[in-house]
Protein chains: 2
Amino acid sequence: MPSTYQPPVATMRFLLEHVLDFDAQMAALPGLEEVTSELAAEVLTMAGRMCAERLAPLNLPGDAAGTQLVDGQVVTAPGFADAYAEFVEAGWPGLAGDPEYGGQGLPRTVQIMLDEMVSAANLSFGLFPGLTRGAAEALAAHGSNDLKATYLGKLVTGEWCGAMALTEASAGTDLGLLRTRAEPREDGSYAVTGTKIFISSGDQDFGNNIVHLVLARLPDAPAGVKGISLFLVPKFLPGAAGAFDERNAMSVGALEHKMGIHAQPTCVMNYDGATGWLVGEAGRGLNAMFTMMNAERLFVGIQGLGLADAATQNAVAYARERLQGRASDGRPGTVPIIAHADVRKMLLSCRAFVEPARALAAWTAIRMDVSDHHPDAQVRAAAAADVALLTPVIKAAFTDFGFETTVQAQQVFGGHGYIHEAGMEQFVRDARITQIYEGTNGVQAMDLVSRKVTLDGGAPLRSYLAAITVDLDRADGELAGHELVIAMRRALTMLEEASDTVAAAAGEADALGAAATEYLNLFALVSLGWMWVRILKAAPALEDARLQDTYKALAGYYAAYVLPRAALHAARIAAGPATVMALDEALF
Amino acid sequence: MPSTYQPPVATMRFLLEHVLDFDAQMAALPGLEEVTSELAAEVLTMAGRMCAERLAPLNLPGDAAGTQLVDGQVVTAPGFADAYAEFVEAGWPGLAGDPEYGGQGLPRTVQIMLDEMVSAANLSFGLFPGLTRGAAEALAAHGSNDLKATYLGKLVTGEWCGAMALTEASAGTDLGLLRTRAEPREDGSYAVTGTKIFISSGDQDFGNNIVHLVLARLPDAPAGVKGISLFLVPKFLPGAAGAFDERNAMSVGALEHKMGIHAQPTCVMNYDGATGWLVGEAGRGLNAMFTMMNAERLFVGIQGLGLADAATQNAVAYARERLQGRASDGRPGTVPIIAHADVRKMLLSCRAFVEPARALAAWTAIRMDVSDHHPDAQVRAAAAADVALLTPVIKAAFTDFGFETTVQAQQVFGGHGYIHEAGMEQFVRDARITQIYEGTNGVQAMDLVSRKVTLDGGAPLRSYLAAITVDLDRADGELAGHELVIAMRRALTMLEEASDTVAAAAGEADALGAAATEYLNLFALVSLGWMWVRILKAAPALEDARLQDTYKALAGYYAAYVLPRAALHAARIAAGPATVMALDEALF
């Protein structure tokens, strides 16, 4: 039984229209006034079809085939090049791209819903357009007009691909250690020399140009992160006739052998005096890269969500079909395993994560759209602060919970889940990278407690918590006494107290480090609970009473079985760093 | 950097000698009086050398090479056949085997410590002798004298291998659904026909015989589990000259493509009227198989522990070497990541599990030795009840926590952990099967709450909890005020209350199913905490004061960061099954 994927477009539309007030919010944004949840649903229906019919069928074969390096050229899995060409032809890479550069100018909110479906269907594939978009964003924000004129349009439409070349063997999280060098030439270009590892989409055989954004040091650069600059280094340079047909001095040193995303070429890249151009100011490379990285981090969180949903859908389907054991209610004969409480719990915990995660991702994306487009600078700033606050939470929690979800979904399959052909073990292996790349989840947690919590003196955090409080206070009628609201009040208090603890520890690296992951998890649990409150509040708008029942039951499960984790993280934060730092480094 | 493995023999000896009173306990067992922790450590030192020097180096290459099916014959990874021959030559398969059949008659306690090291070094390899031992145990307990005379000695010494053929495509957890048939022949043998899947060690190229124990139905057998009998079906039958050189009518239909344990041939087996002999009584096959399965389940738990330890050792080594970021204490320059609180937490949570898990495994194994050898039947029965109680806990919790540990250890490596060559992702993939096979962990949890808790009216459970209480009450001196003891008292109370809840729900499948996994986790957390109390109590016997500091710090971490999980599981048990059963099956 190969895995299947049903695009969750109806759910997405419900979230936009009834839970997140999408239409009214877009109406306030110049350039997006006409975008409605109806339009979004139409676009996403087409996108969903492409994901389910074109990308999902390539996922399992792509995992088996992997990528090859043949005579220095990456050969992608069968079907990937054609699928990419169709993807570009249909205009999907530029969905939220700048119309001035060939994009369709739709909101980021629609983009992240597309991202979720692409990731669910085929993560290895999704990284090609994903990294291309990241490169386009960095170039749009920091590139010179000349560079933009030449490269930006091709990246926005996806005609050319992008890659981010940051990591080196001894410089991962700590980019200050990187050694790649860029020597200025007389014509204003630079000769870039060095070796980068873990370069997703570093090369492929799609027959197009690949624009690498490479972090490197100028000859006179200071040590550490302040000596790092960003360079645009294309695979093909313009030749004598003006066409981009001259190979740059860069090559794939090797393809990494990875746990998952086998159909994604993760390259060791050698730059041997490759020609590049400075993007943004010298010494400000990390800053330019972070423009790209923040959007990428949200995208990675969405990948965790997408894989979790795909795995969950398959687990539910299997649990309905697989006959083992007897019913608890005395029905005669063998029953589908979905009848067993233990199996139901696994499925419930999967769905209790996926539904509010999708809502929280969309909430955050709407804040991005507001921060990009709102006419009022103060409104834009407040929205941008929300995005900054939520970015590490979504990246880390969605990928940690997403990985756990794929593992639970695999477990539902029993022994069959361990077999390649069922597709479940691939979800687990693919999900595992999302906890690691674009900054490990530990790094995200440190970002949250050491920078985001104290941003603007803590104002964005306070306003975020206040928004949750408002929704809890407004939970009236049947909802007022709902166990979710009661449990959420307790959990919110824990988060408020933990926020004070973390804010008070500002500058104390050990205290922050010990609290970081716990605080991020607590933050995420409360945020997902908040979305459940909003979903329940909106549920009466659903015509299908059975769907209302479903949300009610899932939210009830979240309150009873998931949200109690908040107290665990609060207890660990209260425990402080003493026991974490007690053991001598030599004695581990 | 390929992974390394340091056999934990010194720790094992400390546990036996000072924590578990091994010498005195063995002294009371006829036939084992002479076995001391000193002797055990000598044996384990040799075993550890073989694991580290012979088996560990084959682990990563074995994963890459996998197993092949060539012209119907399984070809194992390079080096495996030679290593197995050496393993047999050195007498390791029969370490705890019956001397009457060529075994060395050492305690099971020493055997499970060998099992841990073999699993840590090379799980794919370890399953060959592991399943052989299981087959030998079932045959010893249920086989006729004729069958034992022919097959048992060869299995005990490992000269021949064993395999367990239970699962069919539509009969996994629910073996009552199986269809393989056995037709009696006039000579007293049976013709076995059917297809089995997921058969570990089903075939190999070690040049020896493979004794399959196959579950099948007799022609007149009733439906369900009571119609199942067990048959011994060897790969080679005695030919005309008496030598076992005639191929039986059985063949490998396919090798499964799996997430991990790639060097272990997991076979689809076809029995096409293969010649077999009844083991035990007709219709009592499941009973005979459970003899084998209980020992196997403990072994699987030990696999989780072994993989966790191996992964942890490598994570610690990497965290000492990998330089990224600045120190919290103002030391100048870049520091090893082990200095960072977030990384320390990952390593501490790994070790905080591994150390007491090893102790609890040994405690249980000593109870097995007592149940096998003690002259007093009542003492034997009490010990057997302890083993029955702990078996599902060790199988499920050690593999769930073990898997989490391998994931955490992999995370310490950042991006490098996702790369095959580092060996960390293999630990994760290999560990994943331990949560599934020999009965999924959900099945183990149901076994615990529906059978083991109420065994003998709950007497074994009460006596187990009482033993923990006694050790907490005896924690005096410095230990009395230790946060571990304080936290353990709270957690033990939760476990006692949860035990009452579970006992009161006897017969209510939904209530038991909703509580099962939570109860098993709570039980395991308290049991591991108990072992920490015993380790701390014994620590002053250690000559190395630094090792005492290590245990103190790890136990402190366990109390502050791990044991608080107990409250989460207790809260879920208190929540009951209502929210688990609320959602209609059609609406998931």
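Under an unreviewed UniProt entry, chain A has the name Acyl-CoA dehydrogenase and belongs to Novosphingobium guangzhouense. According to the UniProt record, the Sequence similarities (unreviewed entry) comment for chain A is "Belongs to the acyl-CoA dehydrogenase family."

Regarding the UniProt feature "domain: Acetyl-CoA dehydrogenase-like C-terminal" (unreviewed entry) in chain A
The residues that UniProt annotates with the feature "domain: Acetyl-CoA dehydrogenase-like C-terminal" (unreviewed entry) are residues 482-584 of chain A. The span residues 482-584 of chain A is 83% helical and 0% strand by assignment, and the distance between its end C-alpha atoms comes to 48 Å.

Looking at the relation of the copies chain B and chain A
Between chain B and chain A, which share one sequence, the superposing operator has a rotation angle of 180° and an axial displacement of 0.0 Å; the RMSD is 0.0 Å. Taken together, the turn and the small shift mark the pair as related by a two-fold rotation axis. Taking the C-alpha atom as reference, chain B places Leu568(B) closest to the rotation axis, 3.4 Å from it. Residue by residue, 100% of the interface of chain B is reproduced at the interface of chain A, so both copies engage with the same surface.

Let's talk about the UniProt feature "domain: Acyl-CoA dehydrogenase/oxidase C-terminal" (unreviewed entry) in chain A
According to UniProt, the feature "domain: Acyl-CoA dehydrogenase/oxidase C-terminal" (unreviewed entry) maps to residues 283-449 of chain A in the numbering used here. Summarising residues 283-449 of chain A: 75% helix, 4% strand, and an end-to-end C-alpha distance of 26 Å.

Describing a negative patch on the surface
The grouping of Glu543(A), Asp544(A), Asp549(A) and Asp584(B) at the surface amounts to a negative patch. Residue position: Asp544(A) is located in the loop between helix H15 (509-538) and helix H16 (545-562). Judged by relative accessible area, which is 37%, Asp544(A) ranks as partly exposed.

Details of the pairing of strand S7 (residues 228-234) of chain B
Residues and elements named next belong to chain B. Judged by how many residues are buried, S7 sits mostly within the fold: 7 of 7 residues are covered. Of the two faces of S7, both are covered, the one formed by Ile228, Leu230, Leu232 and Pro234 as well as the one formed by Ser229, Phe231 and Val233. Here strand S6 (residues 210-217) pairs with S7 via 7 bridges, running antiparallel. When the bridges of S7 are listed, Val214 appears paired with Phe231. Looking at chain direction, S7 and strand S11 (residues 266-279) are connected through 3 bridges and run antiparallel.

A look at the environment of Arg185(B)
Residue and element names in this part refer to chain B. Topologically, Arg185 is positioned in the loop between strand S4 (181-184) and strand S5 (190-200). We classify Arg185 as partly exposed; its relative accessible area is 32%. Considering only alpha carbons, one finds Arg185 and Thr275, 90 residues apart in sequence, at a separation of 9.2 Å. Not counting residues up to four positions away in its chain, the partners in contact with Arg185 are Tyr190, Ala191, Gly273, Ala274 and Thr275.

Criteria and cut-off values
- Residues numbered from 1 in each chain as written.
- Chains lettered and ligands numbered in written order.
- Predicted model: local features only at pLDDT ≥ 70, side-chain atom pairs only at ≥ 80, totals over all residues.
- Heavy atoms only, no water.
- UniProt positions renumbered as here; feature names shortened; annotations may be inferred.
- Helix = DSSP H or I, 4+ residues; strand = E, 2+ residues; numbered from the N terminus.
- Least-squares fit on C-alpha atoms with pLDDT ≥ 70 in both.
- Contact = heavy atoms within 4.5 Å.
- Patch = residues over 30% accessible without salt bridge, like charges linked within 9 Å, V, L, I, M, F, W, Y side chains within 5 Å.
- Areas by Shrake-Rupley, 256 points an atom, 1.4 Å probe, with all protein chains shown as cover.
- Salt bridge = Lys/Arg side-chain N within 4 Å of Asp/Glu carboxyl O.
- Lys, Arg positive; Asp, Glu negative; His and termini not counted.
- Charge placed at Lys NZ, Arg CZ, Asp CG, Glu CD.
- Buried < 20%, exposed > 50% of the residue type's maximum accessible area, 1.4 Å probe, protein only.
- Pairing = 2+ DSSP bridges.

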